[in-house]
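Below, each chain spelled out in residue letters.
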Amino acid sequence: MSGLDGVEHKTLKVNGINMHVAELPGSGSGGEPIILFIHGFPELWYTWRHQMTALSSLGYRTIAPDLRGYGDTDAPEKMEDYTYFNIVGDLVALIDAVTGGDEAVFVVGHDWGAMIAWQLCMYRPEKVKALVNMSVLFSPRSPDRVPIPTLRRFFGDDYYICRFQKPGEIELEFKKLGTEKVLKEFLTYKTPGPLYLPKGKLFKSSENGGASSALPPWLTQEDLDYYVTKYDNKGFTGPINYYRNIDRNWELTAPWTGAKIRVPVKFIVGDQDLTYNSPGAKEYINGGGFKKDVPLLDETVVLKGVGHFLHEESPEEINQHIHSFFQKFL
């Protein structure tokens, strides 16, 4: 699994941590354009296996790290070491390491990876040639609304992001359920609405088995086993610490209030994705707000019948979108 044909695994020292990076060289003779893939939760570099294989065959050098706290990358112990600044700092150092320091790269992000990619473009636009972002829209900072209390008021205490806030609590509940069950539930979630995790009743809708107990065609048992092995080894605390820094990120990013994304962007989302169906998302896309905040937005693509993990569910379509967009900048 981790030994996908031709994938090279290396550990790079970046920003004070050891980062595991998977790389698939392009099919050319060197000097290929680089695509940096940034994964989300609860994923790993492995989530990009289809994109790496397809795009390296088209002549790109594809690079996918395990982010800080995930997989075979270091997981600092302090909760406050998982802010936007830490993670973007890791990626800037990674870009410098793989390019020699003076070259921009193409970037593809999904879920938390998309949120990180928006920040990377905001802080260091000269590092990004163009961006394909998936699932999570740009979210301009509101100076008046602290994120977690706002989410709590809107969705209640059982909303998954609110449930993730108390250090150690959700990890204990996940431990009782077992890593495989937890990952399977997250990776197969395809309800176009908010995810709730009531205490003692996590993922209760699937307790009785039925259709939800079967893996979807795009996720094999072998794929799931790879994720389970890595999460069993590392635990969930590092990944969940990203959520625990949402309010801290809001405080730290005050200087970027009103900042726009000044990098060419294609945005792709599935119409069954909980993010696309969250309050205000469609209005933001269709009402011109998204284009105002991301002036170089080339296109927003909404895939019919596709859920949150669109790059795994519809890899051929996603690969084509990535390639056709990046071709414009070669």
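Within each chain, residue numbers correspond to sequence positions counted from 1 in written order. In keeping with the predicted nature of the model, local features appear solely for residues at pLDDT of at least 70, side-chain atom pairs appear and are counted solely at 80 or more, and the whole-chain, interface and lining totals rest on all residues. Heavy atoms from the whole structure form the basis of all side-chain values; hydrogens and water molecules are not counted.

Let me state the cut-off plainly: UniProt positions are given in the numbering used here, feature names are shortened, and annotations may be inferred rather than shown by experiment.
Under an unreviewed UniProt entry, the name given to the protein is soluble epoxide hydrolase, and the organism recorded is Brassica campestris. If you open the UniProt record of the protein and go to Pathway (unreviewed entry), you find "Secondary metabolite biosynthesis; terpenoid biosynthesis."

Quick word on the pattern of salt bridges
Defined as follows: Any carboxyl oxygen of Asp or Glu that lies within 4 Å of a side-chain nitrogen of Lys or Arg is treated as forming a salt bridge with it. Under the DSSP-based scheme used, a helix requires at least four consecutive residues in state H or I and a strand at least two consecutive residues in state E, with every element numbered from the N terminus. To sort residues, take the accessible area from a 1.4 Å probe on protein chains only and compare it with the maximum for the residue type: under 20% means buried, over 50% means exposed, and anything in between is partly exposed.
Taken as a whole and judged by the stated rule, the model has 18 salt bridges. Residues R68 and D90 are paired through a salt bridge, measuring 2.8 Å at the closest nitrogen-oxygen approach. You can see R68 sitting in the loop between β4 (61–65) and α2 (84–99) and its partner D90 sitting in helix α2, a full 22 residues away along the chain. Exposure class is identical for R68 and D90. Each is buried. Residues R163 and E173 are paired through a salt bridge, measuring 2.6 Å at the closest nitrogen-oxygen approach. Residue R163 is located in helix α5 (residues 160–163), and its partner E173 is located in helix α6 (residues 169–177); the two are separated by 10 residues in the primary sequence.

Examining helix α14 (residues 315–326)
The criterion, for reference: To estimate how far a helix should extend, the number of its residues minus one is multiplied by 1.5 Å.
Its 12 residues place the ends of α14 16 Å apart at the C-alpha level, agreeing with the 16 Å of an ideal helix rising 1.5 Å per residue. Restricting attention to buried positions, one finds in α14 the residues P315, I318, N319, H321, I322, H323, F325 and F326.

With respect to the sheet that holds strand β5 (residues 105–110)
Put simply, the rule reads: A strand pair is defined by DSSP finding two or more bridges across the two strands. Convention adopted: a line fitted to C-alpha atoms gives each axis, helices being fitted over their contacting stretch, and angles between N-to-C directions are expressed from 0 to 180 degrees. We call two residues in contact when some of their heavy atoms are within 4.5 Å.
Across the sheet, which stays open at both edges, the eight strands sit in the order β1-β2-β4-β3-β5-β6-β7-β8 with mixed pairing between neighbours. Unpaired on one side and paired on the other, β1 (8–14) and β8 (297–303) mark the two borders of the sheet. Between one strand axis and the next, the sheet turns by 20° as a mean value, whatever way the strands run. Relative to β5, strand β3 (residues 34–38) runs parallel, the two sharing four bridges. Directly across from I38, in β5, lies its bridge partner G109. Packing of helix α3 (residues 112–123) onto the sheet brings it into contact with β3, β5, β6 (128–134) and β7 (265–270), and relative to β6 it is tilted by some 150°.

A short note on the packing of aromatic side chains
The line we're drawing: When two rings of Phe, Tyr or Trp (its six-membered ring) have centres within 6.5 Å they constitute a pair, described as stacked for plane angles under 30 degrees, edge-to-face for angles over 60, and tilted for the intermediate range.
Counted under the stated rule, the structure contains 39 aromatic pairs. Each ring, one from F41 and one from F164, has its centre 5.8 Å from the other, and the planes form 70°; the classification is edge-to-face. Residue F41 is found in the loop between β3 and α1 (49–57), and its partner F164 is found in the loop between α5 and α6; the two are separated by 123 residues along the sequence. The interplanar angle of 65° and the centroid separation of 6.5 Å between the aromatic rings of F164 and F186 together place this pair among those described as edge-to-face. Of this pair, F164 sits in the loop between α5 and α6 while F186 sits in helix α7 (residues 179–187), and the two are 22 residues apart along the sequence. Neither residue differs from the other here; F164 and F186 are each classed as buried.

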